[in-house]
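Coordinate analysis (summary)
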Amino acid sequence: QALLPLVINTWPFTNATAEAWETIEQRNSTPVDAVVAGCRVCQTERCDGSVGYGGSPDEQGETTLDAMIMNGETFEVGAVGDLRRVKDAIGVARAVMDYSQHTLLAGESATSFALEMGFKEESLSTNSSVQMWLDWRSRNCQPNYRKSVIPNPTKSCGPYKPRPRLPTVRQKASDSVGPDNHDTIGMVVIDEEGKIAAGTSTNGMDHKIPGRVGDSPIMGAGAYASSGIGGAAATGDGDIMMRFLPSFQAVSLLGQGVPPMDAAALSLKPISKHYPTFVGALIVADVHGKFGAACHGISEFHYSVRSPSTGAVQVMSVKC
Ligand code: SD4
């Protein structure tokens, strides 16, 4: 049975998978279109609170976004890190790819570029993200802190203690597709001709130091695609994972004939060797539409797949 086209993404973000599938099924649409459309669904739905606006406030209470899109046919990449006050991070990443000669724009300047491109400026905070931040502040540096007092936002609330974002204890079969059990969206789409795109979208880590950029907009770390070979995307502790370029590593292994499941596992190996407690996962697909995943630091990792052989969007899982 035909294995292409293929859509695969991290976590059971099935609406994103379905949207990417519908897009790649349309005539004249490309894998880049499909990845952008799929990730956009998560940005709008704010999948799990870790994609899009209203999640992961930084130390000063602001939500900032990281995203990337890579065209594995042309090796063009567009990415944004620490994007502020613009919701459509993957859209801005695509604009970087389509309308600039650069690869990665960051911070306020990425916002300026987005506004020039016609994206809307708006707050990324919600009541719940402000509350998360207030709770964190009260726990971390102001024991008697009262909500009615707005803290001086320039005073850093350290020491910085990031909270691991992936579930560490609650993964049981019964709740493993529950609302808390997912994170950054990373997606790979392969069309019938073997053209491949990969991308990511996230609001990063809770309570990060302002300016922190994770692995998601770093090509080879958050995602990578090479048409004719395959694609990969990562989720997890980006500060650690980006040091090992696991997505690039996985695609390199595919190029050497290693099957996707093994490529995923082998690419996480050096990370767990150096950082035995790191938490993360990788999805990998080869140009023929075979796919696999691997994870570390949780008991089980769920991801979502659509291809002719799955018949419908399917949530799959791998034990870590
Ligand atoms: C990051 N990898 O910013 C992303 C977020 C994530 O589990 O997936 N956290 O580090």
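Residues numbered from 1 in each chain as written. Predicted model: local features only at pLDDT ≥ 70, side-chain atom pairs only at ≥ 80, totals over all residues.

- Within an unreviewed UniProt entry, the label attached to the protein reads N(4)-(beta-N-acetylglucosaminyl)-L-asparaginase, and the organism entered is Batillaria attramentaria.
- According to UniProt, the comment filed for the protein under the heading Catalytic activity (unreviewed entry) is "N(4)-(beta-N-acetyl-D-glucosaminyl)-L-asparagine + H2O = N-acetyl-beta-D-glucosaminylamine + L-aspartate + H(+)".
- In its Sequence similarities (unreviewed entry) section, the UniProt record describing the protein reads: "Belongs to the Ntn-hydrolase family." (UniProt positions renumbered as here; feature names shortened; annotations may be inferred.)

**A closer look at the sheet that holds strand β7 (residues 223-226)**
- Judged by pairing direction, the sheet is antiparallel, and its 4 strands sit side by side in the order β7-β8-β9-β10 without closing on themselves. A strand with exactly one partner marks an edge of an open sheet, and here the two such strands are β7 and β10 (291-296). On average, each strand axis in the sheet is inclined to that of its neighbour by 10°, with strand direction left out of account.
- The pairing of β7 with strand β8 (residues 230-236) spans 4 bridges and is classified as antiparallel. Paired with A223 across the bridge in β8 is A233.
- Against the sheet, helix α7 (residues 246-255) contacts β7, β8 and β9 (280-286), and its axis sits at roughly 150° relative to β8.
- Against the sheet, helix α8 (residues 260-274) engages β8, β9 and β10, with an angle of about 20° to β10. (Pairing = 2+ DSSP bridges. Helix = DSSP H or I, 4+ residues; strand = E, 2+ residues; numbered from the N terminus. Axes fitted to C-alpha atoms, helices over the stretch in contact; angles between N-to-C directions. Contact = placed C-beta atoms within 7 Å.)

**Description of the sheet that holds strand β5 (residues 185-190)**
- Taken together, the 8 strands give an open sheet; going across it, the order is β4-β3-β2-β6-β5-β1-β11-β12, and neighbouring strands pair in mixed fashion. Among the strands making up the open sheet, the edge pair consists of β4 (104-106) and β12 (314-319). The sheet shows a mean angle of 15° between the axes of neighbouring strands, taken without regard to direction.
- Sheet topology note: the strand β1 (residues 6-10)/β5 ladder contains 4 bridges and is antiparallel. Paired with I8 across the two strands is V188, which belongs to β5.
- Each of β1, β2 (64-71), β5 and β6 (196-202) touches helix α2 (residues 31-45); the most contacted strand, β6, lies at about 20° to it.

**Some points on the UniProt feature "active site" (unreviewed entry) in the protein**
- The UniProt entry lists T184 under the feature "active site" (unreviewed entry), expressed in the numbering used here.
- If you trace the backbone, T184 turns up in the loop between α5 (127-140) and β5.
- The exposure class assigned to T184 is buried, which follows from the 34 C-beta atoms found within 10 Å.
- Residues within four places of T184 in sequence aside, it is in contact with T10, S50, V51, T200, T202, S216 and T235. (Buried ≥ 20, exposed ≤ 12 C-beta atoms within 10 Å, placed from the backbone.)

**Side note on the nonpolar core**
- By size, the foremost hydrophobic cluster in this structure holds 86 residues, and its most contacted members are V188 and A198.
- Looking at this core, the element that brings in the most residues is α2, giving 8 residues. (Core = buried A, V, L, I, M, F, W, Y, C linked by C-beta atoms within 7 Å.)

**Concerning the pairing of β5**
- Counting buried positions along β5 gives 6 out of 6 residues, so the element sits mostly inside the fold.
- Taking every second residue as pointing to the same face, both faces of β5 are buried, with I185, M187 and V189 on one and G186, V188 and I190 on the other.
- Here 6 bridges tie β5 to β6, and the two strands are oriented antiparallel to one another. Paired with I190 across the strands is I196, a residue of β6.
- Between the end of β5 and the start of β6, which pair antiparallel, lie 5 residues, with G194 showing a positive phi angle near 85°.

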